[in-house]
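Observations on chain architecture
Chain by chain, the residues:
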Amino acid sequence: MYNIVLFGPPGAGKGTQSEKLIQKYGLTHLSTGDLFRKHLGEGTELGLLAKKYMNEGHLVPDEVVIGMVEDKISETKDTHGFIFDGFPRTTAQAEALDKMLGNHKMEISGMIALEVPQEILKERIKERGKTSNRVDDQDDAKINTRIKVYLDETLPVADYYSGQNKLTKINGVGKIEEIFAEITSVIDSY
Ligand code: AMP
């Protein structure tokens, strides 16, 4: 059983690598961004609540995110573990995740952090914006807000896992297959 936090700024390649990891290890992909977008598409109350934060590039409040993740973990049976993608994004979320997993007799195996320079992130997000239909991928101001929010509010989460000796940093620039190989060698060492 592996429970992995795949960490990095928007545009780091977390979604791309998660897709490959769930296939190799039979893990459950838990992307809070994808879950919110699903709610948005279905027009649920949660989706409507999240929309105003998401479209501006701000974080959805912790209690909303944590509740949604808790539901997803509780309803997932027979898994080899989870890949957390885009979660936790604050230290409070990281603490809540440790508690939730503890309640299910699980723990985080490790955090893998993809490092990508800001200029490359911006290019990648804008490129994705041509096909993603995501409002938050479309303009410079929103992309800049998301990167700033990451630096101010999310980066401390790496310190949280570093304090538990669970952090491994990986260069997120290069060929998808090469980055994937590096990630799998970290996971295989858990
Ligand atoms: P993502 O697809 O991970 O880039 O997430 C898209 C947007 O969803 C973010 O910019 C936030 O508005 C919201 N979101 C996703 N995950 C979280 C989270 N863990 N905490 C707060 N907001 C989140």
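Look up: the structure comes first, before these words.
The notes below deal with the structure included here.

Quick notes on the rules
- Residues numbered from 1 in each chain as written.
- Predicted model: local features only at pLDDT ≥ 70, side-chain atom pairs only at ≥ 80, totals over all residues.
- Heavy atoms only, no water.
- Helix = DSSP H or I, 4+ residues; strand = E, 2+ residues; numbered from the N terminus.
- Rg over C-alpha atoms; globule rule 2.2 N^0.38 Å.
- Buried < 20%, exposed > 50% of the residue type's maximum accessible area, 1.4 Å probe, protein only.
- Contact = heavy atoms within 4.5 Å.
- Areas by Shrake-Rupley, 256 points an atom, 1.4 Å probe, with all protein chains shown as cover.
- Lys, Arg positive; Asp, Glu negative; His and termini not counted.
- Charge placed at Lys NZ, Arg CZ, Asp CG, Glu CD.

1. What to know about the overall build of the protein
What the protein contains, in helices and strands, is nine helices and five strands. Reading the helices (α) and strands (β) of the protein from amino to carboxyl end gives β-α-β-α-α-α-β-α-β-α-α-α-β-α. For 190 residues, the compact-globule estimate of 2.2 N^0.38 gives 16 Å, and the C-alpha radius of gyration of the protein, at 16 Å, lies within 12% of that figure. Its C-alpha atoms give the protein principal-axis dimensions of about 40 × 40 × 30 Å. Split into buried and exposed, the 190 residues of the protein put 45% on the buried side. Put simply, 75% of the contacts in the protein that link residues at least 6 apart link residues at least 24 apart. In the structure as shown, the protein presents an accessible area of about 9,700 Å², 49% of it carried by carbon and sulfur atoms. Distance from the positive charge centre (24 side chains) to the negative charge centre (30 side chains) of the protein: 2 Å.

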